[in-house]
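Survey of secondary and tertiary structure
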Amino acid sequence: MAKGLASWFGKRETGRPFDAFQIEVTSRCNLRCVMCPVTVLADRWPSVDLSWHSFGRIAAAFEKTKWVYLQGWGEPLLHRHIFDMIGLAKRAGCRVGFTTNGTRLTRGAGERLLALGLDVLAVSIAGASASTHEAIRVGSDFAKLLENLRGFLAMRAGKKSTTPRLELLFLMTRANLAELPDVARLAADLGADELVATNLDYAITSSLDELKAYSLSAQARAARDVVDQAKRVARQAGLAFRPYPLEPREVAVCDLNPLKILFISADGWVSPCVYTGVTGQQEIPRVFDGEPVSVPSVRFGNVNDQGLAEIWEAPAYRAFRRQFSERVLGVAKLAVGGASRAAAEAPLPPAPEACRTCPKLYGL
């Protein structure tokens, strides 16, 4: 390691300068969801578990991050060390969460998650009916999912605990959007803490691109009406509800903020986010604004070969982040300086090439 990098974390701002480390503990999944790269890229998708040794190398930096999120493209509860990973991150003073398809949320798993003090458990749901959910999350048993959720929430209530916070994640598509208000009713009935309606923000093929509920042009009024109806249902039920926008608006930096968050894939590669570092792929296929594109994977080093500090400070990674810093600085200057209308409408400095065709850059 180059001189000075050993104390890199100490030289950054005091406390915990990172918002989150997102760690893909496995690229394996027991479902075949129609929109997921595990399914769509199956002929070249690697089945990889992050080794305990690799996790330990990442964990050496846990004291510098607020959150550890143990999820990428695979199902975290398939990893045999998932509970050990949660425990290690919690002992380092991090808040910990992950997203699951809920199939392995057994009573035994739930008891261990409660005992470990997990902070957030996000569970994917694709509809308010078995037919809709199971058509999208292929291999899932809707009735069993609801049974698992009710059982877990009953255990949490029995322990008089409010953690982990249970979030239901609903991926909005044209195929299931009409059921969103009913999903809000279901979430309230289950006793979930929040319902989050997300976008299909990684369309690998043209057919998947046609499934998205948002549009890069003005969104149909009907889609907005459904979301508004779901808002009313959630409000009446006292359920926290957070829908992602249905219309694009370019942002200085997306909510996966590469200035404060990094992603480590199951094979150890460090990337700005899960969309720029798709596991095992040299080229990332995607459809953007109706056109197929291929984006080279953005990787800055592997934790099995280098320390995380050395990777973060690599010139190429610094240059990548600098482009976002300039965008953020430009917006801040406009806000402070009371910019003219012409200045306010001027384009932002360019984002990194790999991000320009990502819906996350447009607030979706």
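Residues numbered from 1 in each chain as written. Predicted model: local features only at pLDDT ≥ 70, side-chain atom pairs only at ≥ 80, totals over all residues. Heavy atoms only, no water.

**Considering the packing of aromatic side chains**
Taken as a whole, this structure holds 13 aromatic pairs when the rule is applied. Measuring from ring centre to ring centre gives 5.3 Å for Phe18 and Phe21, while their planes differ by 65 degrees; the resulting arrangement is edge-to-face. Summarising the burial analysis for this pair, Phe18 and Phe21 share the class buried. Ring geometry for Phe300 and Phe320: centres 5.8 Å apart, planes at 65 degrees, overall edge-to-face. Of the two residues, Phe300 sits in the loop between β11 (291–296) and α11 (308–312) while Phe320 sits in helix α12 (residues 315–337), which places them 20 residues apart along the sequence. The exposure classification of Phe300 matches that of Phe320, with both residues buried. Pairwise contacts between aromatic rings join Phe18, Phe21, Trp52, Phe55, Phe62, Phe300, Trp312, Tyr317, Phe320 and Phe324 into one cluster. Across from the ring centre of Trp312, 3.7 Å away, lies the NZ or CZ of Arg321, which sits over that ring. The lysine or arginine in question, Arg321, covers the ring of Tyr317, its NZ or CZ lying 4.8 Å from the ring centre. (Phe/Tyr/Trp six-rings, centres within 6.5 Å; stacked < 30°, edge-to-face > 60°. Buried < 20%, exposed > 50% of the residue type's maximum accessible area, 1.4 Å probe, protein only. Helix = DSSP H or I, 4+ residues; strand = E, 2+ residues; numbered from the N terminus. Lys NZ or Arg CZ within 6 Å of the ring centre and 35° of its normal.)

**What to know about the side chain of Thr276**
Topologically, Thr276 is positioned in the loop between β9 (270–271) and β10 (283–288). A polar contact of 3.1 Å, which involves the side chain of Thr276, links it to the backbone oxygen of Cys273. Beyond its immediate sequence surroundings of up to four residues, Thr276 is in contact with Ser271, Ile284, Ser297, Val298 and Ala354. (Polar contact = N/O pair within 3.5 Å; in protein donor to acceptor, adjacent residues only side chain to side chain. Contact = heavy atoms within 4.5 Å.)

**What to know about the sheet that holds strand β5 (residues 165–172)**
Taken together, nine strands build an open sheet; the order of strands is β7-β6-β5-β4-β3-β2-β1-β8-β9 and the sheet is mixed. In this open sheet, the two edge strands, each paired with only one partner strand, are β7 (240–243) and β9. (Pairing = 2+ DSSP bridges.)

**Brief notes about unusual backbone geometry**
Following Thr163, the chain continues to Pro164 via a peptide bond in cis, the omega torsion being 0 degrees. By the element assignment, Pro164 lies in the loop between α7 (142–158) and β5. Its identity is not glycine, yet Lys160 carries a phi of approximately 55 degrees, on the positive side. One can find Lys160 in the loop between α7 and β5. Among the residues examined, Lys160 registers a relative accessible area of 77% and is labelled exposed.

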